[in-house]
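Listed below, chain by chain, are the residues.
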Amino acid sequence: MASASLDLIAASTQISQGAEAKVYKGSLTQGAPFILLKYRFKKQYRHPSLDALLTRSRVAGEARALLKCLRSGVNVPGVRMVDASEGILGIEWIDGKSVRKLLPGGAEDEEEEEDDEVLEENGEPMKEYGISVDTLMSLIGIEIAKMHLADVVHGDLTTSNMMLRLPKPNQSTTELVLIDFGLSYISTLVEDKAVDLYVLERAFASTHPDSEPLFTSVLTAYGTRLGSEWHAISRRLDDVRLRGRKRSMVG
């Protein structure tokens with residue numbers, strides 16, 4: 001017999017699929033606000049017992065990371081439902097666009113064409129968000145710092161996993177929301193936080209042309225918000241970069 005969670009998936013609209021999960025747009029009850037449903041479907045190549053164990057662990061881990069971020073004031077989607085046994089996580093639907101689509105170069109390999117709704121001619125995010133690229137970089141640095149201060153490591157920091165939320169009529173500030181915590185984990189290690197930043201730096205370099213000044217602005221805001229912990233992470237980031245260059249040279 002299908003569970004209520006699987007019935008909810010069946011009644012929702014699939015919007016994307018990755019190697020690990022399918023993503024749906026639905027609602028818990030008729031007329032309720034939309035939520036995003038992440039369904040970690042069964043993997044036929046894994047033993048059923050192992051697959052069930054890994055699925056429960058990953059869904060529960062993602063939910064825990066989101067809740068820890070929420071308690072620490074990090075802008076992440078709210079958790080609306082968790083069914084770890086069925087591999088389903090329901091989170092708040094964020095109205096907005098990914099940072100990848102708002103920055104130069106990020107929308108070039110998307111199916112939809114780049115137009116005035118995606119990128120202004122002056123290279124700034126859409127006018128409806130009311131902020132500059134510099135402010136956007138600061139928001140990114142601040143949210144990552146808040147996340148690391150809560151000892152949450154994202155594990156997959158890219159501009160695709162950040163969204164600018166459309167401002168509400170009575171809202172004067174624009175929020176940057178970190179999303180997709182499927183690879184996240186809890187860690188106090190300087191190394192893990194430095195690697196998190198390095199992953200984002202490489203994502204900037206591969207997705208957005210001439211992005212070095214952008215990432216420098218991210219680090220400036222990150223370091224300011226992080227405070228005394230920044231010195232150690234900054235030094236470790238330099239070490240991680242060196243290791244990355246050596247691996248590139250060796251191949």
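Residues numbered from 1 in each chain as written. Predicted model: local features only at pLDDT ≥ 70, side-chain atom pairs only at ≥ 80, totals over all residues. Heavy atoms only, no water.

The name an unreviewed UniProt entry gives the protein is EKC/KEOPS complex subunit BUD32, with Laccaria amethystina LaAM-08-1 as the organism. Per UniProt, the protein has the following entry under Sequence similarities (unreviewed entry): "Belongs to the protein kinase superfamily. BUD32 family." UniProt annotates the protein under Subunit (unreviewed entry) with the comment "Component of the EKC/KEOPS complex composed of at least BUD32, CGI121, GON7, KAE1 and PCC1; the whole complex dimerizes." (UniProt positions renumbered as here; feature names shortened; annotations may be inferred.)

1. Comments concerning the packing of helix α5 (residues 190-207) against helix α6 (residues 212-226)
The axes of two packed helices give the description: the angle between them and the distance between them. Taken N-terminus to C-terminus, the directions of α5 and α6 make an angle of 155°; their axes are 10 Å apart at the nearest point. On the basis of their axis angle, the class for α5 and α6 is roughly antiparallel. Between α5 and α6 lies a crossing of right-handed hand. Contact with α5, carried on its side by K193, L197, L200, E201 and F204, involves L214, F215, V218, L219 and Y222 of α6 and no other residues of that element. Classifying every residue of the contact of α5 with α6 by side-chain character gives 8 nonpolar, no polar and 2 charged. (Axes fitted to C-alpha atoms, helices over the stretch in contact; angles between N-to-C directions. Helix = DSSP H or I, 4+ residues; strand = E, 2+ residues; numbered from the N terminus. Parallel < 35°, antiparallel > 145°, perpendicular 65-115°, else oblique. Left-handed = near helix turned anticlockwise from the far one by under 90°. Contact = heavy atoms within 4.5 Å. Nonpolar A, V, L, I, M, F, W, Y, C, P; charged D, E, K, R; others polar.)

2. Overview of the pairing of strand β5 (residues 88-92)
For a regular strand, the rule is simple: side chains alternate between the two faces of the sheet. With respect to burial, β5 is a largely interior element, 5 of its 5 residues being buried. Of the pairings in the sheet, the one linking strand β3 (residues 35-39) to β5 comprises 5 bridges and is antiparallel in character. What sits directly across from K38, in β5, is L89. Counting the residues in the hairpin turn of strand β4 (residues 79-83) and β5 gives 4 residues, including G87, whose phi is positive at 75°. (Buried < 20%, exposed > 50% of the residue type's maximum accessible area, 1.4 Å probe, protein only. Pairing = 2+ DSSP bridges.)

3. Here we look at the environment of L214
In this structure, L214 sits in helix α6. The spacing of L214 and M137 is 77 residues in sequence and 6.5 Å in space, taken between C-alpha atoms.

4. Quick look at the pattern of salt bridges
Pairing between side chains of opposite charge can happen when their charged atoms approach one another. Overall, the coordinates contain 15 salt bridges when judged by the stated rule. Between E92 and R165 there is a salt bridge; the shortest N-O distance is 3.0 Å. Here E92, found in strand β5, pairs with R165, found in strand β8 (residues 162-165); they are 73 residues apart in sequence, far enough to count as distant. R165 matches E92 in its accessibility class, with the two residues each being buried. A network of salt bridges, in which partner residues are shared, links E20, R40, K43 and R58. (Salt bridge = Lys/Arg side-chain N within 4 Å of Asp/Glu carboxyl O.)

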